[in-house]
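This is what each chain is made of:
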Amino acid sequence: MRPRNVACWHSARFAWRPLLAVFVPALIAGCAISLVAPYDEAIDKQLTELHLRTRVFLAKMSATRGAHGNNIAFYREAHASVAVLLSRAKLYGDKNKGTVDNLNRLDAAFTDLEEAHRAGPLVGPAYANTMDVHFESLLQIELHKKFSSGVAAPKT
Amino acid sequence: MEEFDVKTVGTAAFEAAAAALKVHIDKAHPFLQAEAKKMAETGLQIADGYTKGEINDAQAKILLRMQSNASQSVLTAVRTIGMIAAQDAINAAIGVVREAVNKAVGIALL
């Protein structure tokens, strides 16, 4: 006599077959899940451009001890760039929450940077390194979205 | 209809999910390590700048606030990467099951 658990397993192996044709298509067809927004090349490029502009600005400020009053345009443009990035990132809704949250933090970082500039010249590497963390966190998310979508990373 | 071996398909689905996870983990690990190191270095630069008189009291306080904000960005990035990894792992497993089902029924059902 077949042991009870084997009999159950045996019948289970065949019982699933009719169910397969009915339920599995409903379960699996079109059910590739999406928890996070897809990779967005425009966000990737615009972030990289803003990162470059920020780095160049901070290198110039550190070398020249430039006053805040003579460089207000940089902050205005930086906030405008982040606003454009936020508009685009928000198009994907809640699935882009990580990117949206970090763009809001980047905007706050530019506000803090301007406040520090009002308090005195921006000398030394600490400002650039702190801003780098924001950009790298945002770019890292885009990089993983890119891997996720199966797009090969650019060759450098 | 071809045989559908639950154990084999389950193992293959698990392996596909684990491989998908590993891609993200392997890339997130050096990022987290580099950012932690950079935060420590920046802390030293703030102290050094303050000692040299390049950074004043107000700027030191703002920089510390900026550091705190930046560390939250890193945590958000890691959490988002985790979600992307989970998404890829689940989809990889679904892909294996889909392929096995199609093979078992003999047509591209799914």
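Residue positions are given per chain, counted from 1 along the sequence in the order it is written. Chains and ligands are labelled by the order in which they are written, letters from A for the one and numbers from 1 for the other. Restriction of local features to residues with pLDDT of at least 70 applies here, the model being predicted, together with a cutoff of 80 or more for giving and counting side-chain atom pairs; totals for whole chains, interfaces and linings are based on all residues. Computation of side-chain values covers all heavy atoms of the structure but excludes hydrogens and water.

1. Notes on the overall build of chain B
For chain B, the helix and strand inventory stands at two helices and zero strands. Radius of gyration means the value over C-alpha atoms here, while the globule rule gives 2.2 Å times the residue count to the 0.38 power. Its C-alpha radius of gyration of 24 Å places chain B more than 25% over the 13 Å reference for a compact globule of 110 residues. Along the first, second and third principal axes, the C-alpha set of chain B runs to 80 × 20 × 15 Å. By residue count, 38% of the 110 residues in chain B fall in the buried class. Within chain B, contacts between residues separated by at least 24 positions form 71% of all contacts whose residues are at least 6 apart in sequence. As presented, chain B carries roughly 6,000 Å² of accessible surface, and 64% of it is formed by carbon and sulfur atoms. Looking at chain B, you have 11 positive and 12 negative side-chain charges, and the mean spots of the two groups are 6 Å apart. Runs of H or I in DSSP of at least four residues are treated as helices and runs of E of at least two as strands, each being numbered from the N terminus. Buried, partly exposed and exposed residues are distinguished by accessible area as a fraction of the type maximum, computed with a 1.4 Å probe on protein chains only: under 20%, between the cut-offs, and over 50%, respectively. Throughout, a residue-residue contact means that at least one pair of heavy atoms, one from each residue, lies within 4.5 Å. Surface exposure here means Shrake-Rupley accessible area, sampled with a 1.4 Å probe, where a residue is shielded only by the protein chains that are shown. Positive charges come from Lys and Arg, negative ones from Asp and Glu, while His and the chain ends are left out of the count. Every charge is mapped onto a representative atom, which is NZ of Lys, CZ of Arg, CG of Asp or CD of Glu.

2. Some thoughts on the overall build of chain A
Per the secondary structure count, chain A includes five helices and zero strands. Moving toward the C terminus, one meets the helices and strands of chain A in the order α-α-α-α-α. By residue count, 42% of the 156 residues in chain A fall in the buried class. Sequence separation of 24 or more characterises 78% of the internal contacts of chain A that already satisfy a separation of 6 or more.

3. What about the pattern of salt bridges?
Salt bridges are defined as contacts in which a side-chain nitrogen from Lys or Arg sits within 4 Å of a carboxyl oxygen from Asp or Glu. On inspection of all chains with the given rule, the structure shows 13 salt bridges over all chains. In this structure, the salt-bridge partner of Arg88(A) is Asp40(A), at a minimum N-O distance of 2.7 Å. You can see Arg88(A) sitting in helix α3 (residues 72-90) and its partner Asp40(A) sitting in the loop between α1 (4-28) and α2 (41-64), a full 48 residues away along the chain. Residue Arg88(A) is classed as partly exposed on the basis of its relative accessible area of 33%. On the accessibility criterion, Asp40(A) (4% relative accessible area) is buried. Counted as one network, the salt bridges with shared partners bring together Arg55(A), Asp132(A), Glu136(A) and Lys38(B).

4. Overview of the nonpolar core
Grouping buried Ala, Val, Leu, Ile, Met, Phe, Trp, Tyr and Cys residues that are joined through side-chain atoms within 4.5 Å yields what is termed a nonpolar core. One finds Leu106(A), Phe110(A) and Leu113(A) to be the most contacted residues of the largest nonpolar core, which totals 33 residues. Residues contacting Phe110(A), with those up to four places away along its chain left out, are Leu50(A), Thr54(A), Phe74(A), Tyr75(A), Ala78(A), His79(A), Val82(A), Met131(A) and Phe135(A). By size, the runner-up hydrophobic cluster in this structure holds 10 residues, among which are Phe4(B), Ala13(B), Ala89(B) and Ala100(B).

5. Notes on the packing of α2(A) against helix α4 (residues 97-119) of chain A
Residue and element names in this part refer to chain A. Remark: α2 packs on α4, axes separated minimally by 14 Å, with the N-to-C direction vectors making an angle of 15°. On the basis of the axis angle, α2 is roughly parallel to α4. Between α2 and α4 lies a crossing whose hand is left-handed. Of the residues in α4, those in contact with Leu-47, Leu-50, Thr-54, Phe-57, Leu-58 and Met-61 of α2 are Leu-103, Leu-106, Phe-110, Leu-113 and His-117. Residues are grouped as follows: Ala, Val, Leu, Ile, Met, Phe, Trp, Tyr, Cys and Pro are nonpolar; Asp, Glu, Lys and Arg are charged; every other residue, Gly included, is polar. Looking at the contact of α2 with α4 residue by residue, the classes come out as nine nonpolar, two polar and no charged. In this analysis an axis means a line fitted to C-alpha atoms, helices contributing only their contacting stretch, and an angle means the value between N-to-C directions, from 0 to 180 degrees. Under this scheme an angle from 65 to 115 degrees is roughly perpendicular, one under 35 degrees roughly parallel, and one over 145 degrees roughly antiparallel; angles in between are oblique. Note on convention: the crossing is left-handed when the near helix lies turned anticlockwise from the far helix by less than a right angle, right-handed when the turn is clockwise.

6. Looking at the layout of surface pockets
All names here are of chain B. Taken as a whole, the largest pocket holds about 180 Å³ of empty space. Using a grid of 1 Å spacing that covers the protein atoms alone, one calls a set of points a cavity when a 1.4 Å probe fits there but cannot get out, and a pocket when the set is open and has protein on both sides within 12 Å along at least five of seven lines; lining residues are those with an atom within 4 Å of a point. Taken together, 10 residues make up the lining of the largest pocket; nearest its centre are Glu-3, Val-9, Glu-99, Ala-100 and Lys-103. A per-element tally of the lining of the largest pocket places helix α2 (residues 57-105) first, with five residues. Grid points are joined across faces, edges and corners, and a volume is the space filled by probe spheres set on the points.

7. Some remarks on the side chain of Asp112(A)
Topologically, Asp112(A) is positioned in helix α4. Setting aside its immediate chain neighbours within four residues, Asp112(A) contacts Ile62(B), Arg65(B) and Met66(B).

8. Describing helix α5 (residues 126-148) of chain A
An expected span of 1.5 Å times one less than the residue number is assigned to each helix. In this model α5(A) runs 33 Å from its N-terminal to its C-terminal C-alpha over 23 residues, within 8% of the 33 Å that 1.5 Å per residue would give. The element α5(A) is extensively covered by neighbouring structure, given that 18 of its 23 residues are classed as buried.

9. Let's talk about the packing of helix α1 (residues 6-52) of chain B against α2(B)
Residue and element names in this part refer to chain B. Contact geometry for α1 and α2: axes closest at 7 Å, N-to-C directions at 175°. The orientation of α1 with respect to α2, classified from their angle, is roughly antiparallel. Along the lines of polarity and charge, the residues of the contact of α1 with α2 split into 30 nonpolar, five polar and three charged.

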